[in-house]
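# Coordinate analysis (summary)
Spelled out from the first residue to the last, the chains are:
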Amino acid sequence: MKLKALAIAAAFGAMGLAGGAADAATYVVPGTSNPFLAGASGGDNVVMNGYTDTAAANSPVGVSVIGGQTLAISATGAVSNCPGCLLSGPNGAGGVASAGVTANGFTEIVNGYSNLPLNGLIGVFNNLGMNNPFLIGTGGTFVVPTGATTLYLATVDGYQWSNNIGSFSVNVGAVPEPATWALMILGFGAVGAGMRRKAARQTTMRYVKA
């Protein structure tokens, strides 16, 4: 009985560890999510080509992460950079050049932005000076840089995110480490062993009684 209890505890403990590492959450990322406002405080703004986007209305969506994690991300939905324009999926459509930016009180994205596809879903980690935008598109696995605590999810436009339409549904979860998988397998193995011992005892008792 004691062995069975320990086995079950081990299995559920392993499941808890694995589940905690892999629990996924879904985030709605509006087309109005401006990556240049990553980390901005309420009321901060960026001016691009004469158009102003303001936090928090146009801020990207922040997701808490841990440095060294591997994230599994998947995305669906569609956005457009202007009302009445064709909607694009998370992979985007076409290229866009970064417009001139006036930042007020925070660090703006600069490097690499002009190579990202218009309307695409992109990510920005908070620990590399914001100069690391990357395409997420429909998803994949992504390693969190050491020291990062937030992944910002946003869309690509040339300027004026405030009139964009549509949204992406983005699922983000951490991939369990190999050690966690091993512990989970060990826990299930312990449960299996306990069940086999119980079955063997029951068979012996039935035989003696007969």
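Residues numbered from 1 in each chain as written. Predicted model: local features only at pLDDT ≥ 70, side-chain atom pairs only at ≥ 80, totals over all residues. Heavy atoms only, no water.

A few words on the sheet that holds strand β8 (residues 134-135). As summarised here, the arrangement of the 4 strands in space is β4-β10-β7-β8, forming an open sheet in which the pairing is antiparallel. Either end of the sheet is taken by a strand with one partner, and the two such strands are β4 (61-64) and β8. (Pairing = 2+ DSSP bridges. Helix = DSSP H or I, 4+ residues; strand = E, 2+ residues; numbered from the N terminus.)

As a further point, take the confidence of the model for the chain. Averaged over all residues, the pLDDT of the chain is 77; the fraction at 70 or higher stands at 62%. In the model of the chain, helix α1 (residues 2-22) stands out as the element of lowest mean pLDDT, 44, in contrast to strand β11 (residues 165-174), which has the highest, 98. Segment residues 2-22: pLDDT under 50, and 24 contacts once partners within four positions in sequence are set aside and those in other chains are kept. Long-range and interchain partners of residues 179-184, a stretch whose pLDDT sits below 50, account for 7 contacts in this model, where long-range means more than four residues apart. (pLDDT = per-residue confidence, 0-100. Contact = heavy atoms within 4.5 Å.)

Counting residues in hydrophobic clusters, the biggest one holds 20 residues, and the most contacted among them are Val-65, Ile-73, Leu-121, Leu-151, Leu-153 and Val-170. Broken down by element, this core gets its largest block of residues, 4 residues, from strand β5 (residues 70-80). Excluding anything up to four places from it in sequence, Val-170 contacts Ala-25, Thr-26, Tyr-27, Val-29, Ile-73, Ser-74, Ala-75, Leu-121 and Leu-153. One finds Phe-36, Leu-37, Met-48 and Tyr-113 within the second-largest nonpolar core, a separate group that totals 12 residues. (Core = buried A, V, L, I, M, F, W, Y, C linked by side-chain atoms within 4.5 Å. Buried < 20%, exposed > 50% of the residue type's maximum accessible area, 1.4 Å probe, protein only.)

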